Amino acid sequence: MLTSARIEKLQRFWKSFKFAFYCATHPLDGYWDLTHERRGTYAAANFILFLTVFTKLIKLQFTSFVIEPIDWENTNIFLHIASILFPLAIWVVANWGLTTLFDGKGKFGQIYMATCYCMLPYPMIQIPLIFLSNVVTSEEKEFYSVLSALSLVWVLFWIILAMGQIHEFSVGKNFFFTIASLFGMLVIVFILLLFFSMISQGVAYFISLGKEAMFRMS
Amino acid sequence: MTKKHVKNFIKGLSAFVASACILVGSSMTALAEGSYTYCYDYWGEVQDSPNAYDVVGVYTFKDLGLDLQLNNPAGLTANGDMIFVCDTGNNRILQFKRTAIDKLELVRSIEEFKGDVEVNTFKNPKDFMIDEEGYYYICDTDNNRVLKLDSDLNYIMSFNKPVDATLDADQVFQPTKLVVDGAGRVYCIATGINKGLIKYEADGQFSGFVGATPVVFDFMDYVWKRLASQEQRDKLLNFVPTEYDNLYRDHDGFIYAVCASHLEEDLKSESAQAVRKLNLKGDDILIRNGDFPIYGDLYMGSGGGHDGPSQITDVTVFDNDVYVCLDKNRGRLFAYDNQGRLLYVFGGNGNEDGYFRTPVAIDHIGYDLFVLDTLDKSITIFTPNTYGKMIFDAIDQFDAGEYTKSGETWQKVMDLNGNYDLAYIGVGRSLLRQERYKEAMKYFELKYNDDNYSKALKQYRKEWVEDHILVIFILVFAVLIIPMIIGRLGKIKHEIDTADIFKY
């Protein structure tokens with residue numbers, strides 16, 4: 001049932017989702033208001049993230065093979081999903097971990113929300129591009145590639161701008177912390193790899209210990 | 001039976017069942033190992049294929065009516081219905097006549113020739129060739145000469161070591177392979193001479209080197225060489241062109257030159273070519289439109305005692321420009337079409353008929369292939385079967401402009417081998433020529449052929465726009481003009497609403 005509280009919630013979601021389009025064209029103003037004026041919602045952020053992942057997946061299916069031939073036998077959609085979610089997660093963690101130590105005003109959730117809002121240009125451009133891909137020949141591939149690259153550059157550049165607004169950083173400081181966050185991401189990946197290889201070796205040790213014990217006892 | 005006996009019986013039975021399972025299992029894996037003939041798909045995966053060629057027979061010295069086993073035979077040449085084999089180790093050239101599809105009859109054994117020269121016999125002759133006027137040309141390798149004889153074995157002339165300032169005076173001239181062009185010019189390759197093909201004019205005059213392979217080196221080698229001292233530099237490998245291993249002159253007069261000794265990384269980076277087609281200037285004009293470079297097997301890992309890239313040691317070109325390369329390493333034959341697309345691969349190392357130990361030379365009569373195996377001392381004859389002929393038919397029909405027929409033939413090929421990319425592309429190309437663009441696009445898309453797909457799409461797109469021009473016009477009108485009209489109407493309404501006249 002659509003109670004009035006629910007309708008209000010939906011309206012708030014819709015309004016905050018529409019605000020993402022405003023952010024896409026007015027980044028500085030938009031991302032300031034996103035947290036400081038509380039115009040963004042987690043619901044909208046999650047929805048934009050969902051749209052992005054969804055776009056990535058339908059791109060696989062519907063983009064013309066002229067642009068992107070796909071070896072379906074060796075395709076794992078979970079890897080494609082992770083290719084967005086995993087960098088996002090470690091970016092948010094690395095950025096929050098660093099900026100919180102250096103006067104960054106953004107909270108963990110706000111960093112996540114702003115980053116998700118920045119992803120809107122990706123579905124915005126890529127979905128029309130799926131249609132375009134099916135009418136271009138291999139000689140006209142460049143049109144597609146340029147637009148496709150544009151969507152990525154747009155997203156990345158907007159993330160940098162958004163972080164500056166969220167943390168109330170100056171341009172120089174923002175730039176420095178962007179680089180530092182990227183470095184932080186590398187460190188996190190390194191530690192994760194180390195951790196997993198250690199754990200797997202540790203587990204293997206105890207398994208072989210157990211096997212040995214069972215072998216002796218039987 | 002006691003309880004123990006029963007137990008033993010059950011044990012024995014289970015052991016039997018288990019071993020039976022293993023046997024069945026292993027025979028099943030043997031089945032899954034891959035077929036004699038195969039091809040690669042778009043992704044480079046090996047796709048099993050029906051056999052395109054059947055073995056007619058394997059002929060050793062007894063079958064050929066010889067008194068002596070072949071000894072290190074190095075060359076095989078087909079001309080008309082005659083087959084010439086250079087029985088190198090026995091210093092003779094054998095001439096056979098193919099009297100029936102499976103019959104080679106010895107015509108003569110050429111061991112000496114008449115004429116006013118010092119040495120009237122051969123010493124390790126490695127190649128033989130007949131020109132268009134019927135003269136014989138022989139690479140008399142260890143007598144350091146190329147002989148020209150007439151068909152009655154009278155000495156005409158010989159081509160000797162080229163007189164050239166760039167050649168070392170001490171170098172022994174050992175010609176190994178040769179071709180002769182329509183004007184009687186001789187192109188030959190010789191051991192240790194890497195400047196390209198040695199070219200002689202018809203009068204025996206040396207006239208230069210043509211078609212050397214481009215030198216391959218990488219940047220780091222270059223840097224090292226600049227830093228090294230003179231002594232160190234002498235010890236480093238020289239950047240020199242690679243020697244060719246064999247030659248073939250096709251029906252159009254182009255020379256196919258192959259090289260077996262390229263390194264894996266050079267082949268993969270395409271800085272070196274295993275097969276080159278040389279024009280008169282010595283430039284490589286081989287068409288390479290296939291999905292993969294022309295170097296035989298894509299997978300160069302070790303297996304069955306062989307590793308490294310395919311060593312293309314000979315090539316033969318059919319009249320429809322399909323060429324078959326012979327791999328000495330794994331004993332395989334690779335057939336490519338005139339666009340450089342792999343048609344099929346067959347053969348292998350082994351002792352069965354249709355397998356080789358060290359194949360060295362290949363030639364053809366019609367579409368039948370003759371392969372000389374130097375270690376097995378035998379000649380293998382292959383003939384295309386229904387499937388193989390169908391592929392040739394489809395190619396020939398397309399080249400002759402019979403597009404509809406070619407499409408039908410490719411369709412038949414596809415019925416026999418549904419994993420064959422070229423069949424789909426063939427059907428697609430035929431449909432494209434018949435202006436059935438939409439259907440053609442479907443076939444190209446199935447096999448990821450983006451070039452042809454784009455050609456079809458371009459035409460289809462044009463047709464579609466021409467058919468739907470009215471709808472498109474109306475849509476554009478609707479999107480652009482109607483909002484403008486609505487806006488104008490709104491403005492008028494607004495003006496009327498706020499007009500002074502209606503104010504009281």
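Draft legend 1. Fine view of the overall build of chain B. Along the backbone of chain B there are 10 helices and 25 strands. For 504 residues, the compact-globule estimate of 2.2 N^0.38 gives 23 Å, and chain B exceeds it by more than 25% at 32 Å. Viewed in the frame of its principal axes, chain B has a C-alpha envelope of about 130 × 95 × 60 Å. For chain B, the residues scored as buried account for 45% of the 504 residues in total. A separation of at least 24 residues holds for 47% of the contacts in chain B among residues at least 6 apart in sequence. Roughly 26,200 Å² of accessible area belongs to chain B as shown, and the carbon and sulfur atoms make up 54% of that amount. The averaged location of the 75 negative side-chain charges in chain B is 6 Å from the averaged location of its 53 positive side-chain charges.

Draft legend 2. Representation of the packing of helix α4 (residues 77-99) of chain A against helix α8 (residues 171-217) of chain A in the model. Residue and element names in this part refer to chain A. As a packed pair, α4 and α8 sit with axes 8 Å apart at the nearest point and diverge in direction by 120°. Every pair of crossing elements has a handedness; the one defined by α4 and α8 is right-handed. When α4 is examined against α8, the residues Phe86, Pro87, Ile90, Trp91, Val93, Ala94, Asn95, Leu98 and Thr99 are found in contact with a partner set consisting of Phe177, Thr178, Ala180, Ser181, Leu182, Gly184, Met185, Ile188, Val189 and Leu192.

Draft legend 3. Quick look at the nonpolar core. Formed by 46 residues in total, the largest nonpolar core has its most connected members in Leu333(B), Tyr344(B), Trp410(B) and Tyr420(B). Of the domains in this structure, domain 1 (52-384) and domain 2 (403-467) of chain B are the two that each give at least three residues to this core. Residues Tyr31(A), Leu34(A), Cys116(A) and Cys118(A) belong to the second largest nonpolar core, which totals 36 residues.

Draft legend 4. Quick look at the sheet that holds strand β16 (residues 246-249) of chain B. Residue and element names in this part refer to chain B. Within the open sheet, the 3 strands sit side by side as β16-β17-β18. Their pairing is antiparallel. Edge positions in the sheet fall to β16 and β18 (275-278), since each has one partner strand and no second. Ignoring strand direction, the axes of neighbouring strands in this sheet form an average angle of 20°. Pairing of β16 with strand β17 (residues 255-258), which is carried by 4 bridges, proceeds in the antiparallel orientation. Across the sheet, residue Asn246 finds its bridge partner in β17, namely Val258.

Draft legend 5. Representation of the interface of chain A and chain B. Taken residue by residue, the interface counts 16 residues in chain A and 14 residues in chain B. Between chain A and chain B, a total of about 1,200 Å² is buried, with carbon and sulfur atoms accounting for 56% of that surface. The interface formed by chain A and chain B includes 2 salt bridges. A salt bridge links Glu140(A) to Arg461(B); the shortest N-O distance between them is 2.9 Å. Scanning the region where chain A abuts chain B turns up 5 residue pairs in polar contact (both at pLDDT 80 or more). Of the residues belonging to the side of chain A that touches chain B, the class tally is 7 nonpolar, 5 polar and 4 charged.

Draft legend 6. Region of the structure containing unusual backbone geometry. Residues and elements named next belong to chain B. With a phi close to 50°, Asn72 is a non-glycine residue in the positive phi region. One can find Asn72 in the loop between β3 (53-59) and β4 (75-79). With relative accessibility at 51%, the residue Asn72 sits in the exposed group. With a phi angle near 55°, Asn91 is a residue other than glycine that sits in the positive phi range. Following the sequence through the fold, Asn91 ends up in the loop between β5 (82-87) and β6 (92-100). A relative accessible area of 26% means that Asn91 is categorised as partly exposed.

Draft legend 7. Layout of the pattern of salt bridges. Enumeration over the complete set of coordinates arrives at 21 salt bridges over all chains. Lys458(B) is paired through a salt bridge with Glu139(A); the nearest N and O atoms lie 3.1 Å apart. Of this pair, Lys458(B) sits in helix α9 (residues 450-467) while Glu139(A) is found in the loop between α6 (121-133) and α7 (141-167), placing the two residues in two different chains. A relative accessible area of 36% places Lys458(B) in the partly exposed class. Here Glu139(A) falls in the exposed class, since its relative accessible area comes to 56%. Each of Asp67(B), Asp87(B) and Arg92(B) takes part in a single network of salt bridges with overlapping partners.

Draft legend 8. Representation of the side chain of Asp140(B) within the structure. Secondary-structure assignment places Asp140(B) in strand β9 (residues 136-140). What Asp140(B) contacts, discounting residues up to four positions off in sequence, is Thr121(B), Phe122(B), Lys123(B), Pro125(B), Arg145(B) and Leu147(B).

Draft legend 9. Examining the pairing of strand β19 (residues 312-317) of chain B more closely. All names here are of chain B. With 6 of its 6 residues buried, β19 lies for the most part within the structure. Pairing of β19 with strand β20 (residues 323-327) involves 5 bridges; the strand directions are antiparallel. Its bridge partner being in β20, Thr316 is matched across the sheet by Val324. Joining the antiparallel neighbours β19 and β20 is a turn of 5 residues, in which Asp321 adopts a positive phi near 70°.

Draft legend 10. Just a nonpolar patch on the surface, in detail. All names here are of chain B. Where nonpolar side chains cluster on the molecular surface, the patch consists of Trp464, Val465, Ile469, Leu470, Val471, Phe473, Ile474 and Leu475 and spans about 820 Å² of accessible area. For the nonpolar patch, the secondary structure elements donating two or more residues are α9 and α10 (469-497). Of the residues forming the nonpolar patch, the biggest block, 6 residues, is contributed by α10. Tracing the chain through its elements places Leu470 in helix α10. Here Leu470 falls in the exposed class, since its relative accessible area comes to 60%.

Draft legend 11. Looking closely at a positive patch on the surface. Residues and elements named next belong to chain A. On the surface, Arg12, Lys15, Lys18, Arg38 and Lys107 cluster together to form a positively charged patch. Tracing the backbone shows Lys107 in the loop between α4 and α5 (108-118). Lys107 sits in the exposed class, given a relative accessible area of 55%.

Draft legend 12. Quick look at the confidence of the model for chain B. Residues and elements named next belong to chain B. On average, chain B scores 87 in pLDDT, and the residues at 70 or more come to 92%. A low-confidence stretch, residues 21-31 stays under pLDDT 50, and its non-local contacts, those more than four residues away or across chains, total 0 contacts. Across the whole predicted complex the pTM is 0.82, and at the interface the ipTM reaches 0.81.

Draft legend 13. Expanded view of the pairing of β20(B). Residues and elements named next belong to chain B. With 5 of 5 residues buried, β20 lies mostly within the body of the structure. Residues Tyr323, Cys325 and Asp327 of β20 are buried on one face, and the alternating residues Val324 and Leu326, pointing to the opposite face, are buried as well. Pairing analysis gives 5 bridges linking β20 to strand β21 (residues 332-336), with the strands arranged antiparallel. Looking across to β21, one finds that Val324 is bridged to Ala335. Here β20 hands over to β21 after 4 residues, with Gly331 in that stretch at a positive phi of 65°.

Draft legend 14. Region of interest: α10(B). Its 29 residues give α10(B) an end-to-end C-alpha distance of 41 Å, which sits within 8% of 42 Å, the value for a rise of 1.5 Å per residue. By the largest-angle criterion, Ala478(B) marks the main kink of α10(B), which is about 35°.

Draft legend 15. Region of the structure containing the sheet that holds strand β23 (residues 359-365) of chain B. Residue and element names in this part refer to chain B. Taken together, 4 strands build an open sheet; the order of strands is β3-β25-β24-β23 and the sheet is antiparallel. Of all the strands in the sheet, the pair left with one neighbour each is β3 and β23. Put simply, the sheet's adjacent strands are angled 20° from each other on average, direction ignored. In this structure, β3 lies alongside strand β25 (residues 378-384), joined through 6 bridges in antiparallel fashion. The partner of Tyr59 across the bridge, within β25, is Ile379.

How each quantity is defined
Residues numbered from 1 in each chain as written. Chains lettered and ligands numbered in written order. Predicted model: local features only at pLDDT ≥ 70, side-chain atom pairs only at ≥ 80, totals over all residues. Heavy atoms only, no water. Helix = DSSP H or I, 4+ residues; strand = E, 2+ residues; numbered from the N terminus. Rg over C-alpha atoms; globule rule 2.2 N^0.38 Å. Buried < 20%, exposed > 50% of the residue type's maximum accessible area, 1.4 Å probe, protein only. Contact = heavy atoms within 4.5 Å. Areas by Shrake-Rupley, 256 points an atom, 1.4 Å probe, with all protein chains shown as cover. Lys, Arg positive; Asp, Glu negative; His and termini not counted. Charge placed at Lys NZ, Arg CZ, Asp CG, Glu CD. Axes fitted to C-alpha atoms, helices over the stretch in contact; angles between N-to-C directions. Left-handed = near helix turned anticlockwise from the far one by under 90°. Core = buried A, V, L, I, M, F, W, Y, C linked by side-chain atoms within 4.5 Å. Domains from an automatic or database assignment. Pairing = 2+ DSSP bridges. Buried area = accessible area lost by both parts, 1.4 Å probe. Salt bridge = Lys/Arg side-chain N within 4 Å of Asp/Glu carboxyl O. Polar contact = N/O pair within 3.5 Å; in protein donor to acceptor, adjacent residues only side chain to side chain. Nonpolar A, V, L, I, M, F, W, Y, C, P; charged D, E, K, R; others polar. Patch = residues over 30% accessible without salt bridge, like charges linked within 9 Å, V, L, I, M, F, W, Y side chains within 5 Å. pLDDT = per-residue confidence, 0-100. Expected span 1.5 Å × (residues − 1). Bend = angle between axes of the 7 residues up to and from the residue.

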